[in-house]
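Analysis of the macromolecular model
Okay, here's what each chain looks like letter by letter:
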Amino acid sequence: MKVQIDKEKCTGCSVCESLCPDIFEMEDDIAKVKNPNSGDIECAKEAAESCPGEAITVEE
Ligand code: SF4
């Protein structure tokens, strides 16, 4: 899978990090993808749906 975050849209809410700490981490109040090519895709999708800024895209 491939996970990307649009930094322009990220509000820094840290919901993604709370849901999938193995995939996302916060850095300077912006979410960052720790490892864009591995991890639980279902979790990444859930984070994308929960993201208030719709900043997360997940590709299989
Ligand atoms: S859930 Fe979305 S807005 Fe919130 S920190 Fe993660 S990428 Fe940013």
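Residues numbered from 1 in each chain as written. Predicted model: local features only at pLDDT ≥ 70, side-chain atom pairs only at ≥ 80, totals over all residues.

1. As for the overall build of the protein
Within the protein, the regular secondary structure consists of 2 helices and 4 strands. In sequence order, the protein lays out its α and β elements as β-α-β-β-α-β. For 60 residues, the compact-globule estimate of 2.2 N^0.38 gives 10 Å, and the protein sits close to it at 10 Å. Each principal axis of the C-alpha atoms in the protein carries an extent, and together these give about 25 × 20 × 15 Å. A total of 60 residues make up the protein; the buried ones form 23% of that total. Summarising the internal contacts of the protein: among those between residues at least 6 apart in sequence, 52% fall at separations of at least 24. (Helix = DSSP H or I, 4+ residues; strand = E, 2+ residues; numbered from the N terminus. Rg over C-alpha atoms; globule rule 2.2 N^0.38 Å. Buried ≥ 20, exposed ≤ 12 C-beta atoms within 10 Å, placed from the backbone. Contact = placed C-beta atoms within 7 Å.)

2. Regarding the site of the ligand
Surveying the vicinity of the ligand reveals 14 residues, the closest of which are Cys10, Cys13, Cys16, Ala31 and Cys51. Partitioning the shell around the ligand into residue classes produces 10 nonpolar, 4 polar and no charged. (Near = placed C-beta within 6 Å. Nonpolar A, V, L, I, M, F, W, Y, C, P; charged D, E, K, R; others polar.)

3. Describing the environment of Gly39
On the secondary structure map, Gly39 appears in the loop between β3 (30-33) and α2 (41-50). Along the sequence, Gly39 and Asp22 sit 17 residues apart, while their C-alpha atoms lie 7.0 Å from each other. Setting aside chain neighbours within four positions, we find Gly39 in contact with Cys20, Asp22, Ile23 and Ala44.

4. As for the nonpolar core
The nonpolar side chains of a soluble globular protein tend to be buried with one another. Counting 14 residues, the largest nonpolar core has Cys16, Cys20, Phe24, Ala44, Ala47 and Ile56 as the members making the most contacts within it. Of all the elements in the fold, those that place two or more residues in this core are β1 (2-5), α2 and β4 (56-59). When neighbours within four sequence positions are excluded, Ala44 is seen to be in contact with Met1, Val3, Cys20, Ile23, Gly39 and Val58. (Core = buried A, V, L, I, M, F, W, Y, C linked by C-beta atoms within 7 Å.)

5. Considerations on the environment of Lys9
With respect to the helices and strands, the residue Lys9 is situated in the loop between β1 and α1 (15-19). Overall, the presence of 12 C-beta atoms within 10 Å leaves Lys9 in the exposed class. Along the backbone, Lys9 and Glu54 are 45 residues apart, and their C-alpha atoms lie at a distance of 7.0 Å.

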